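Summary of the model geometry
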Amino acid sequence: MSTTPPARPTAAPPASPPRGAAPRRHPGAGSALAVAGVLLVVGAGLAARWWTHPALFDDAGDAFVADPVPVAEAALHAGVVLPPVDPKDEAVVTIHNVRAHFVTNTARATASFSICRGGGTLIGYVHGDLHRYCPDVVPLDEPTRFRYAADSGDVLVLTLSPRQAGRARVDGVHLDYALDGSHLWQRGDQTIAVDVTARAR
């Protein structure tokens with residue numbers, strides 16, 4: 001006598017969503033999209049800050065306090081931006097605005113800026129006629145372009161000119177400038193730390 005095995009139950013096909021119903025989404029898809037959106041916004045913000053806050057220039061070294069000299073001879077020149085050491089930092093720079101930040105100014109000094117073209121590596125902190133150290137002195141008439149390169153010798157010079165006995169101390173120079181295509185045309189501002197004091201008697 002033979003027996004026939006019972007038929008195996010057939011699985012029902014998966015139910016189709018009702019017509020017009022929205023397709024189901026993976027529960028993690030929304031979170032992934034949200035994270036991607038946040039990362040995109042943060043990345044864009046960082047890129048914008050980088051582009052508007054160039055940091056090409058180094059701070060200007062140690063503090064310097066000049067010996068007191070007669071008011072008529074007290075104008076003090078200080079090299080603020082010297083040629084770069086690393087060739088990758090070289091650029092054509094357009095300065096749109098520059099100003100000095102005074103900490104003390106009992107000498108009622110004025111601050112002016114110029115570009116020393118060529119030979120500027122000789123400038124540290126000097127009194128007297130700037131032309132003795134620079135073959136070509138170009139007053140900073142904004143906007144002003146200069147070549148920031150190791151072989152150019154171009155230097156941004158701050159001149160403090162006391163108008164009476166006293167002292168004038170500057171602790172920073174604020175620059176608004178733009179760079180060329182080698183630095184993706186960055187345009188923004190940077191404060192260079194300096195510490196220079198002119199004294200007049």
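Computed from a predicted structure; not experimentally measured.

Conventions and cut-offs
- Numbers given to residues run from 1 along each chain, matching the order in which its sequence is written.
- Residues qualify for local features only when their pLDDT is at least 70, as the model is predicted, and side-chain atom pairs are given and counted only at 80 or more; totals for whole chains, interfaces and linings, by contrast, use all residues.
- The side-chain values count all of the structure's non-hydrogen atoms but skip hydrogen atoms and water molecules.
- In predicted models, pLDDT denotes the confidence assigned by the predictor to each residue on a 0 to 100 scale.
- In this description, contact between two residues means that some pair of their heavy atoms is separated by no more than 4.5 Å.
- Each Phe, Tyr or Trp ring (for Trp, its six-membered ring) is paired with any other whose centre lies within 6.5 Å, and the angle between the two planes then decides the class: stacked below 30 degrees, edge-to-face above 60, tilted in between.
- Segments assigned H or I by DSSP are reported as helices when at least four residues long, segments assigned E as strands when at least two residues long, and all are numbered from the N terminus.
- Burial classes follow relative accessibility: with a 1.4 Å probe on protein chains only, a residue under 20% of its type's maximum area counts as buried, one over 50% as exposed, and anything between as partly exposed.
- At least two DSSP bridges between two strands are needed for those strands to be called paired.
- Axis definition: a line fitted to C-alpha atoms, limited for helices to the stretch in contact. Angles are taken between N-to-C directions and run from 0 to 180 degrees.
- Note on terminology: disulfide denotes any pair of cysteine sulfur atoms within 2.5 Å.

Here's the deal with the confidence of the model for the chain
Of all residues in the chain, 71% have pLDDT values of 70 or greater, and the mean over the chain is 81. Of the regions scoring below 50 in pLDDT, residues 39-50 engages in three contacts with residues more than four places distant in sequence or in other chains.

Some remarks on the packing of aromatic side chains
Where two aromatic rings form a pair, the distance of their centres and the angle of their planes describe that pair. For the coordinates displayed, the defined rule picks out four aromatic pairs. On the numbers, 5.0 Å between centres and 90° between planes, the contact of F57 with Y148 is edge-to-face. With a gap of 91 residues between them, F57 in the loop between α1 (29-52) and β1 (64-65) and Y148 in strand β7 (residues 144-148) connect regions that are remote in the sequence. The buried category is assigned to Y148, whose relative accessible area is 4%. Plain terms: the ring middles of F146 and Y148 are 6.4 Å apart, the flat faces sit at 80° to each other, and that makes the pair edge-to-face. Accessibility expressed as a relative area gives 2% for F146, which makes it buried.

Here's the deal with the sheet that holds strand β8 (residues 155-161)
Within a sheet, each strand pairs with its neighbour through backbone hydrogen bonds, oriented either parallel or antiparallel. Taken together, five strands build an open sheet; the order of strands is β5-β2-β8-β4-β6 and the sheet is antiparallel. Because the sheet does not close on itself, it has two edges, and the strands there are β5 (125-127) and β6 (136-139). Ignoring which end each strand starts from, the neighbouring axes of this sheet average 35° apart. Here strand β2 (residues 76-81) pairs with β8 via five bridges, running antiparallel. Paired with A78 across the strands is L158, a residue of β8.

What to know about the sheet that holds β1
Spatially, the five strands line up as an open sheet ordered β1-β10-β9-β3-β7, and their pairing is mixed. Looking along the sheet, the strands with just one partner apiece sit at the ends: β1 and β7.

Overview of the state of the cysteines
Overall, the coordinates contain one disulfide when judged by the stated rule. With its sulfur 2.0 Å from that of its partner, C116 forms a disulfide with C134. Taking the torsion about the S-S bond as the criterion, the C116 to C134 disulfide, at about -115°, is left-handed. Taken together, the positions of C116 in strand β4 (residues 110-117) and C134 in the loop between β5 and β6 put the pair 18 residues apart, joining distant regions of the chain.

Here we look at the pairing of β4
Note: β4 against β8, seven bridges, orientation antiparallel. Paired with F113 across the strands is L158, a residue of β8. Here β4 pairs with β6 via four bridges, running antiparallel. If you follow S114 over to β6, its bridge partner there is P139.

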